[in-house]
Each structure stands twice: as C-alpha cells, then as structure tokens.
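Notes for the structure review
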Amino acid sequence: MSLTVIQNDITKLKVDAIVNAANAALAPGGGVCGAIFAAAGYQDLDQACRKLGGCPTGQAVITEGFALPAKYIVHTVGPIWRGGSAGEEELLRSCYRTSLALAWQTGCRSVAFPLISAGIYGYPLKEALAIALQEMEDFLTDHPMDLTLAVLDPAIVTLADQLRKG
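Here is a short report on the structure shown in this document. No experiment lies behind these values; they were computed from the predicted model shown. (Residues numbered from 1 in each chain as written. Predicted model: local features only at pLDDT ≥ 70, side-chain atom pairs only at ≥ 80, totals over all residues. Heavy atoms only, no water.)

1. Comments concerning the pairing of strand β2 (residues 17-22)
Let me state the cut-off plainly: Exposure is judged per residue with a 1.4 Å probe applied to protein chains only, and the accessible area is read against the type maximum: over 50% gives exposed, under 20% gives buried, and values in between give partly exposed. Helical segments are the DSSP runs of H or I of at least four residues, strand segments are the runs of E of at least two, and each set is numbered from the N terminus. What makes two strands pair is DSSP finding at least two bridges between them.
Taking burial as the measure, the six residues of β2 include five buried ones, the bulk of the element. Bridging between β2 and strand β4 (residues 72-77) involves six bridges; their strand directions are parallel. Bridged to A17 within β4 is Y72. Pairing analysis gives two bridges linking β2 to strand β5 (residues 110-113), with the strands arranged parallel. Looking at β5, one finds that A17 is bridged to V111.

2. Section: the sheet that holds β4
For clarity, the cut-off: Note on geometry: axes are C-alpha line fits, over the in-contact stretch for helices, and angles between N-to-C directions span 0 to 180 degrees.
Here we have six strands laid out as an open sheet, ordered β1-β6-β5-β2-β4-β3, and mixed in their pairing. Each having just a single partner strand, β1 (2-7) and β3 (60-64) make up the two edges of the open sheet. Strand-to-strand twist of the sheet, defined as the mean angle between neighbouring strand axes without regard to direction, takes the value 25°. As paired elements, β1 and strand β6 (residues 146-151) share six bridges and run parallel to each other. Pairing of Q7 across the sheet is with V151, part of β6.

3. Comments concerning the environment of T106
Formally: Residue contacts are defined here by distance: any two heavy atoms, one from each residue, within 4.5 Å place the two residues in contact.
Structurally, T106 is set in the loop between α3 (88-105) and β5. Judged by its relative accessible area of 29%, T106 is partly exposed. Considered as a pair, T106 and M136 are 30 residues apart in the sequence and their alpha carbons are 17 Å apart. Those residues within four positions of T106 in sequence are excluded, and the remaining contacts are I62 and Y72.

4. Overview of the nonpolar core
Using the following cut-off: Put simply, a nonpolar core is a bunch of buried Ala, Val, Leu, Ile, Met, Phe, Trp, Tyr and Cys residues held in one set by side-chain atoms that sit within 4.5 Å of each other.
Residues Y96, V111, F113, L115 and M136 are the most contacted members of the largest nonpolar core, which totals 34 residues. Elements with a minimum of two residues in this core: β1, β2, α3, β5, α4 (125-140), β6 and α5 (154-165). When sequence neighbours within four positions are dropped, the list of residues in contact with Y96 reads F113, P114, L115, I116, I131, A132, E135 and M136.

5. Some details on the packing of α3 against α4
Threshold: Take the far helix as your reference; a near helix turned counterclockwise from it by less than a right angle gives a left-handed crossing, and one turned clockwise gives a right-handed crossing. Each residue gets one of three labels, nonpolar for Ala, Val, Leu, Ile, Met, Phe, Trp, Tyr, Cys and Pro, charged for Asp, Glu, Lys and Arg, and polar for the others, Gly among them.
Their axes nearest at 10 Å, the elements α3 and α4 cross at an angle of 35°. Between α3 and α4 lies a crossing whose hand is right-handed. Contacts from E89, L92, R93, Y96, R97, L100, A101 and W104 in α3 reach A128, I131, A132, Q134, E135, M136 and F139 in α4. Class assignment for the residues of the contact of α3 with α4 results in 10 nonpolar, one polar and four charged.

6. Here's the deal with unusual backbone geometry
Even without being a glycine, L26 presents a positive backbone phi close to 60°. With respect to the helices, strands and loops of the structure, L26 is situated in the loop between β2 and α1 (31-40). Here L26 falls in the buried class, since its relative accessible area comes to 2%. Residue S117 is not a glycine yet carries a positive backbone phi of 70°. Tracing the sequence through the fold places S117 in the loop between β5 and α4.

Next up, the structure:
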C-alpha cells in the first residue's frame, strides 16, 4: 500500500497502531515514550506495561492504546548505539520487523512509527532512517498496509525524501 514520512506528533495520528520507542523495562521514559504515556493515560499504560514484564532489545510487545486515537501501541526496544560493532544494525532492523509482524498478526493495517534509536539512544540519524525506510518498504512487498514514519524535525522528512530517491 503506502509508506509516508511526515512531520507530526505520533500521539495524534488516527491509525490502528503506533509504535513506542520503549526501554527494556517498558517503563515510562522521555522523548517519544514519555509523550505516548502522557497521551495514552499514564496509569493505564504503566499498569499494562508492568503486566508484560519487559521486552528484550530488538523485540516487540503490544498493549491497547487507551486514550490515544490508535487502538494499539506496539512497544519495541531499540539498541543503544555503541559504535556499530555490537550488533546494533541487526537489532534495529529486528525492531521494525517484529513490530510490523506483531501489528499485522493483531489485524492492524495502518501503523505509525517514530524513528527508533535515533534520539537518546544515539544511533546515527541517516543510518537509522535508512534502516527504517528499508525495513518498512520490504514489509510492504508482501503485506498491504499503510505505514507512516512520524518525526518532529522537518529536516528528517527532507532527508527521507533524499534517501528514497536514491
């Protein structure tokens, strides 16, 4: 179906699921994670995440969306950048793959992602963006979905356009 990159607040998007750039404990955090907890309803989401008991790096789990316009929240734990020789690329790719597979299995046909690991986890922006775009485009070859990469910085939208044009 489609992949779009937009400048928007992921918590405002009316999609089947949004993806949370979570930590391994699924605890409330800063950045995208903090915004999602605030918009979903802190107590409800915190309680649902505690019941799940955490999530390994590169994997994904799902909760309901609570007060969000999205029905579900897929929580995925991105790798912390350690220079590129600690398996970060495969773990980041796995975040997108497992999130998409879980959303698909749950019946979601529209999913919005933030740019995983490129914030406080320090993954180099251009590389993180290229991985995100490639993994989402690859998934779309066999799965009819509407995918969105929602970012706050307009420069990232421009960079995504450049990467997609080759």
